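# Coordinate inspection notes
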Amino acid sequence: MGEIEGTYRVLQTPGSRLGVQKTMGVSTLEPGQNLSTAMASLPAKTQERDLPIKIKMLDNTVEVLDIESKCYGQALLTEVYKHLNLIESDYFGIEFQNIQSHWIWLEPMKPVIKQVRRPKTTMLRLAVKFFPPDPGQLQEEYTRYLFALQIKRDLAEERLTCSDNTAALLVSHLLQSEIGDFDESEDREHLKTNHYFPNQERIEGKILEFHRKHVGQTPAESDFQVLEIARKLEMYGIRFHLASDREGTKINLAVSHMGVLVFQGNTKINTFNWSKVRKLSFKRKRFLVKLHPEVCGPYQDTLEFLLGSRDECKNFWKICVEYHTFFRLFDQPKPKAKAMLFTRGSSFRYSGRTQKQLVDYIKDSGMKKTPYERRHSKVRASTRASNTEVPKQSVPFIEGLRSPGSPASAAAPFHSVHSSATPTPVLPIFAETSPSSSDPREPHTGIPEKNTAAPAEEVGRKLMQQPGSPMLQGLPVDHSQLSSLVLKNPLGLNPTFQVNLNAAGQGSSPLLSPVLSDAGGARVEEDDEMKRKRCPADKAYFIAKEILATERTYLKDLEVITVWFRSAVIKENAMPEGLMTLLFSNIDPIYEFHRGFLKEIEQRLSLWEGRTNAYMKGDYQRIGDVMLRNMRTLKEFTSYLQKHDEVLTELEKATKRLKKLEMVYKEFELQKVCYLPLNTFLLKPIQRLMHYKLILGRLCKHYTAEHRDFADCRNALKEVTEMTSQLQHSLIRLENFQKLTELQHDLIGIDNLTAPGREFIREGCLYKLTKKGLQQRMFFLFSDMLLYTSKGVTGTNQFKIHGHLPLHGMLVEESENEWAAPHCFTIYSAQKTIVVAASTRLEMGKWMEDLNMAIEMAKKSTEKSDMLLENSVCNRSNRSSDEVSLEQESEDDTHSSRSSLDRQSHHRANTTMHVCWYRNTSVSMTDHSVAVENQLSGYLLRKFKNSNGWQKLWVVFTNFCLFFYKTHQDDYPLASLPLLGYAVSAPVEADGIQKDYVFKLQFKSHVYFFRAESKYTFERWMEVIKRATSSPARSSLLLPKDEKESHTD
């Protein structure tokens, strides 16, 4: 067998977690050299004949560049970037076709004539090389314009495959960018002469329909919308490389910012994230991906793919190396020392700037934006034009406008030649020459200066505010931003698009969303200040706004069951008809009611804020009448809510009985839309009544008795209190059953955790004393037993039971002095004695108090705990000591985790159990109940410790965790932050936060700042986070039944 010809070790980067050391790649540059000095040091041969190179630009114009015959690729790239005045040049490259008609990237460190076979006759073309996951990371408007042209090219070449609706929406935005506002005759004429999409005649009607709704949208906004839509497509930035797997199955390989992708046809079937890849290499035609052992076990850690030829294989390997370096490394790779005698394998490495370096360069240089020309744009005067009398004049590319440090080299003559593929020339849109414009790249259509693009907050941070969300299922939304929205139909039907535009000039530009620079941050803040001044300042208004925000989240939670889960079970025909009827006949009417309720709240808030033409504004500055009317209607649904106990029980029984349903259930819980355990969503309707009660209580407390809204709020509170009193005991029982079923799924070694009479009390991390010292264990305290577990050694997210101790006859004593271990106590039981230590004295106090109370309750209980234990815990062996069992159980862990892949993957790392494990803390059932009462949703501005700008996000706080969305209309969160262990406080002077209504979240070195819109909102976020994350030591579930009832009532 031959040797490996090329290898690249994928270094671990801080892409997945904070606090990891920075690592560098490897470069072929000499020590102390950078790319520009390396190029300058090359011998200049002025005697050589010039070589004409034809390059097709992204706007389909062809430029002819005369270069030296032995010119290196970097010199050609630099001249092209210089000619275009392109600042964010590292995203782009030059490609050409080889003999096999495969597109190859021009390498900077090789002479052009050694790469291009016939350079005089070959047409090279400029193209986007690196596609970032978020267009907000592109900080220049000109860069976004070029990216939009790349999307246009991919659409025409059928690289960007999508549905007809998506294609029509993309083309409509391209039309808006090129010819301006809708004019049917001109649109049809333009579509006849310009082909954006194969067989576009069949979707021409949809294109015109969408274009009609973009009135007033500027070219820059249109470009942003094109990128926003395109980035959500699976084929965004994908370039296929034909291959086959070991079985000979034809597949397509591709690479993206996240890793190596595998497609079958146009369907993605696997993703190897960079964090999972240990090394990439190729051997002749074989492309090898070596994974970390914990990903797929130590026995099959290398995947092999066969490409068409050695050159194709090497080409794909090079692209992977470049993508990994560009997106994952912080700094330019360090030079690689050259071998003295001979080398082994390819020495190719990426030699440009990484994305992090590029963003930092743009941010730190503070350069002015340079002018550019939209060659095929003839935007007609729009309703947003600030001055239609200003003449449109061409602004030449001024050398002095380029910032210091931008790519430059010796000037070379360019000759502009329009290719045959160029559409009929039209009037371009040029930079505005009005002296009032401080930005030379501002287009003539007169976007207000505050609407210019603000760059992304931080490389690798995908979250950004979505540019406006106009309509969802016919409900008006309080956003005034100009945009369009693509809605996915979860039932697998063709996607539908709903586009709605507000009055021209009202909202801010969608280009505002991602903020990185100080200037961009100021623009966001100024815009927020203006909105804040326009909004009512009454506390009742912000309470009503809280009702609206939490209602939106609640409706999305109901859709997890009514829309997404229904779709999953119908698709697989996995649920019996009787259970289908029981489940959906009880939750569908509630969902439909709340859809109408949400619409009413939105309309009332719109009137309250004065965003309509209401003359009698004062009559609408209240919410009590809406709440009273709907609380009375909601009483009719009490019978449905009372059946939720039966629904939850029958669903759990069915998943145990039917393997197909169990599989669908588990697979659905892995979907992004199911961000909490599935049965948690079934409790939401009853929990929502508790929220109404608390919110209405705050309204009544705020109002005086003479206020016109007080009587309605008080009556609404009475109605909802009546309902909650009927459902309170049912909710306590359901929450306990839900927690037991959740643990049943997550623990290995127990069969019937949901036995009648068993109550969950506390879960958390303790350190158990063994022969090897203190070892971390996860403990679970129930009303009849104590379980202790540990995580599997193979990196799975499951916990395996090591031992169980019945509470009957148990004794707990503090033993800190005896064992010389801090926060240590001893648990004596009939079977064995164990010594455990808590992370803090407070944690030890919580455990000891709950254990003692549980032991007392077990003594009074008439139920036979031993029978429950015997029936529930799997009796694997009669081990006398835990020290002996540790090694054997570790082997069992390895075996069980390898033999059951579905159980390996069926867990999230942000569940309460796993957060307790990693944060060395514990949570009681009382904490869960308090967390249910303290849920909140709304828009916040987020800032990282070392960043400059604020980023607007939709934030949902539930289950001890913050979930981050772009907008409230998103179906699933893009990130989460578990808050157990975090401290919430106001910023101190050393933090350098000079803004109002900012709170700080900190866990060790991890610091986040969040900014609210008002004093009330700020206080509410502080209140709910403090209450939910600072748990009391005593669990109310351990009270006697009569005391418990009076306590909960």
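Everything here concerns the structure above.
Attention here is on the structure that accompanies the text.

All right, on to the overall build of the chain then. Each helix and strand in the chain was counted, giving 28 helices and 36 strands. The buried share among the 1049 residues of the chain stands at 56%. Of all intrachain contacts in the chain linking residues separated by at least 6 positions in sequence, the fraction that spans at least 24 positions is 69%. Accessible surface for the chain amounts to roughly 45100 Å². Of this, 51% is attributable to carbon and sulfur atoms.

This next bit is on the packing of helix H14 (residues 624-634) against helix H18 (residues 678-702). The geometry of H14 relative to H18 is characterised by a closest axis approach of 13 Å and an angle of 150 degrees between their N-to-C directions. Put simply, H14 runs roughly antiparallel to H18. Every pair of crossing elements has a handedness; the one defined by H14 and H18 is left-handed. Judged by residue contacts, Met627, Met631 and Leu634 of H14 engage Leu689, Tyr692 and Leu696 from H18. A breakdown of the residues in the contact of H14 with H18 according to their chemical character gives 6 nonpolar, no polar and no charged.

Moving on: the nonpolar core. Leu76, Phe92 and Phe287 are the most contacted members of the largest nonpolar core, which totals 95 residues. It is helix H9 (residues 310-328) that contributes the most residues to this core, 9 residues altogether. Beyond its immediate stretch of four places on either side in the chain, phenylalanine 287 contacts Leu253, Leu280, Ser281, Phe282, Leu303, Glu304, Phe305, Leu307, Cys313, Phe316, Trp317 and Cys320. Core analysis: the second largest hydrophobic core is formed by 82 residues, Ile543, Val560, Phe584 and Phe737 among them.

Counted by the stated rule, this structure contains 0 disulfides. Not part of a disulfide, cysteine 700 finds its nearest cysteine sulfur in cysteine 713, a span of 5.3 Å. The exposure class assigned to cysteine 700 is buried, which follows from its relative accessible area of 14%.

One pass over the full model with this rule turns up 34 aromatic pairs. Seen in terms of ring centroids, phenylalanine 779 and tryptophan 847 are 6.4 Å apart; in terms of plane orientation they differ by 70 degrees. Their pairing is edge-to-face. Here phenylalanine 779, found in strand S23 (residues 773-782), pairs with tryptophan 847, found in helix H21 (residues 841-860); they are 68 residues apart in sequence, far enough to count as distant. Side by side, phenylalanine 779 and tryptophan 847 carry an identical accessibility label, which is buried.

Look at helix H13 (residues 577-608) against H14: their axes get within 11 Å of each other, and the N-to-C directions meet at 175 degrees. Taken together, the axis directions place H13 and H14 in an arrangement best described as roughly antiparallel. Note on element contacts: H14 touches H13 through Asp625, Val626, Met627, Arg629, Asn630, Met631, Thr633 and Leu634, opposite Phe593, His594, Phe597, Glu600, Ile601 and Arg604.

Let's shift gears to the sheet that holds strand S35 (residues 998-1003). Spatial strand order, S33-S32-S31-S30-S36-S35-S34: 7 strands in an open sheet with antiparallel pairing. Two strands in the sheet have a free side with no partner beyond their single neighbour: strand S33 (975-978) and strand S34 (983-985). Within this sheet the neighbouring strands show an average axis-to-axis angle of 35 degrees, counted without direction. Where S34 meets S35, 3 bridges bridge the pair, whose relative direction is antiparallel. Note on S35: the bridge partner recorded for alanine 983 is glutamine 1002. Taken strand by strand, helix H12 (residues 539-572) contacts strand S30 (936-944) and strand S31 (951-958), and its axis lies near 95 degrees from that of S30.

Before going further, it helps to spend a moment on helix H4 (residues 164-179). A rise of 1.5 Å per residue sets the reference length of H4, with its 16 residues, at 22 Å; its end C-alpha atoms lie 22 Å apart and thus fit the reference within 8%. Most of H4 is tucked away, with 15 of its 16 residues classed as buried. Backbone geometry just downstream of H4 places glycine 180 in the positive-phi region, at approximately 85 degrees.

Another point: the pairing of strand S32 (residues 961-965). Across a regular strand the side chains alternate sides, sitting on one face of the sheet and then on the other. Judged by how many residues are buried, S32 sits mostly within the fold: 5 of 5 residues are covered. Both faces of S32 are covered, namely the face carrying Cys961, Phe963 and Tyr965 and the face carrying Leu962 and Phe964. As consecutive antiparallel partners, S31 and S32 are separated by 2 residues, and within that stretch asparagine 959 has a phi angle of approximately 50 degrees, a positive value. Bridging between S32 and S33 involves 4 bridges; their strand directions are antiparallel. Paired with phenylalanine 963 across the two strands is serine 976, which belongs to S33.

With respect to the helices and strands, the residue lysine 666 is situated in helix H17 (residues 659-669). What makes lysine 666 buried here is its relative accessible area of 15%. Separated by 12 residues in the primary sequence, lysine 666 and leucine 678 place their C-alpha atoms 9.1 Å from one another.

What the rule picks out here adds up to 44 salt bridges. The partner of arginine 188 in a salt bridge is glutamate 184, and the shortest N-O contact between them spans 3.1 Å. Here arginine 188 pairs with glutamate 184, and both are found in helix H5 (residues 184-193), just 4 residues apart, close to one helical turn. The exposure class assigned to glutamate 184 is partly exposed, which follows from its relative accessible area of 36%. Here aspartate 645 and arginine 733 are joined by a salt bridge, their closest N and O atoms 2.8 Å apart.

Turning our eyes to something else, we now look at unusual backbone geometry. Positive phi, close to 55 degrees, is recorded for asparagine 199, a residue that is not glycine. Taking the relative accessible area as the measure of exposure, asparagine 199 reaches 55% and is therefore exposed.

Within the secondary structure, threonine 655 sits in helix H16 (residues 644-657). Ignoring sequence-local partners within four residues, the contact set of threonine 655 consists of Leu661, Glu662 and Tyr665.

For aspartate 709, the location among the structural elements is in the loop between H18 and helix H19 (710-746). Its relative accessible area of 0% is what places aspartate 709 among the buried residues. Each C-alpha atom of the pair aspartate 709 and arginine 622 lies 6.1 Å from the other, and the pair is 87 residues apart in sequence. Contact partners of aspartate 709, with chain neighbours within four places excluded, come to Arg622, Ile623, Gly624, Asp625 and Tyr703. Only 2.9 Å separates the side chain of aspartate 709 from the backbone nitrogen of glycine 624, close enough to count as a polar contact. A distance of 2.9 Å separates a polar atom in the side chain of aspartate 709 from a polar atom in the side chain of tyrosine 703.

Let's shift gears to the pairing of strand S13 (residues 286-291). Relative to S13, strand S12 (residues 277-283) runs antiparallel, the two sharing 6 bridges. If you follow lysine 279 over to S13, its bridge partner there is lysine 290. Two successive antiparallel strands, S12 and S13, enclose a turn made up of 2 residues, where arginine 284 displays a positive phi of approximately 55 degrees. Direction of pairing for S13 relative to strand S14 (residues 302-307): antiparallel, over a ladder of 5 bridges. Bridged to arginine 286 within S14 is leucine 306.

Quick notes on the rules
Position numbers for residues count from 1 along each chain, tracking the sequence in the order it is written. The predicted origin of the model limits local features to residues at a pLDDT of at least 70 and limits the giving and counting of side-chain atom pairs to 80 or more, whereas totals for whole chains, interfaces and linings rest on all residues. Excluded from the side-chain calculations are hydrogens and water; all other atoms, namely the structure's heavy atoms, are used. The way it works is that DSSP assigns letters per residue, a run of H or I at least four long becomes a helix, a run of E at least two long becomes a strand, and they are numbered from the N terminus. Any residue under 20% of the maximum accessible area for its type is buried, any over 50% is exposed, and the rest in between are partly exposed; the area is computed with a 1.4 Å probe on protein chains only. Contacts were defined at the residue level, with two residues in contact if any of their heavy atoms lie within 4.5 Å. Accessible surface area values rest on a Shrake-Rupley calculation with a 1.4 Å probe, where residue burial reflects the displayed protein chains alone. Helix axes use the C-alpha atoms of the stretch in contact, all axes being lines fitted to C-alpha atoms, and the angles between their N-to-C directions lie in the range 0 to 180 degrees. Comment on the angle field: the value is read as roughly parallel under 35 degrees, roughly antiparallel over 145, roughly perpendicular from 65 to 115, and oblique elsewhere. Crossings are sorted by hand: turned counterclockwise from the far helix by less than a right angle, the near helix makes the crossing left-handed, and turned clockwise it makes it right-handed. Lys, Arg, Asp and Glu make up the charged group, whereas Ala, Val, Leu, Ile, Met, Phe, Trp, Tyr, Cys and Pro make up the nonpolar group; the residues left over, Gly among them, are polar. To qualify as a nonpolar core, a set must consist of buried Ala, Val, Leu, Ile, Met, Phe, Trp, Tyr and Cys residues joined through side-chain atoms within 4.5 Å. When two cysteine sulfur atoms are found within 2.5 Å, that pair is recorded as a disulfide. Centres within 6.5 Å make a pair out of two Phe, Tyr or Trp rings, where for Trp the six-membered ring is used; the pair is then stacked when the planes are under 30 degrees apart, edge-to-face when over 60, and tilted otherwise. Two strands are counted as paired when DSSP detects at least two bridges linking them. Here the expected span of a helix is defined as 1.5 Å times the quantity of residues minus one. We count a salt bridge whenever a side-chain nitrogen from Lys or Arg sits within 4 Å of a carboxyl oxygen from Asp or Glu. Polar contact is the term for a pair of N or O atoms within 3.5 Å; when the atoms are in protein, one must be able to donate a hydrogen and the other to accept it, and sequence-neighboring residues count only if both atoms are side-chain atoms.

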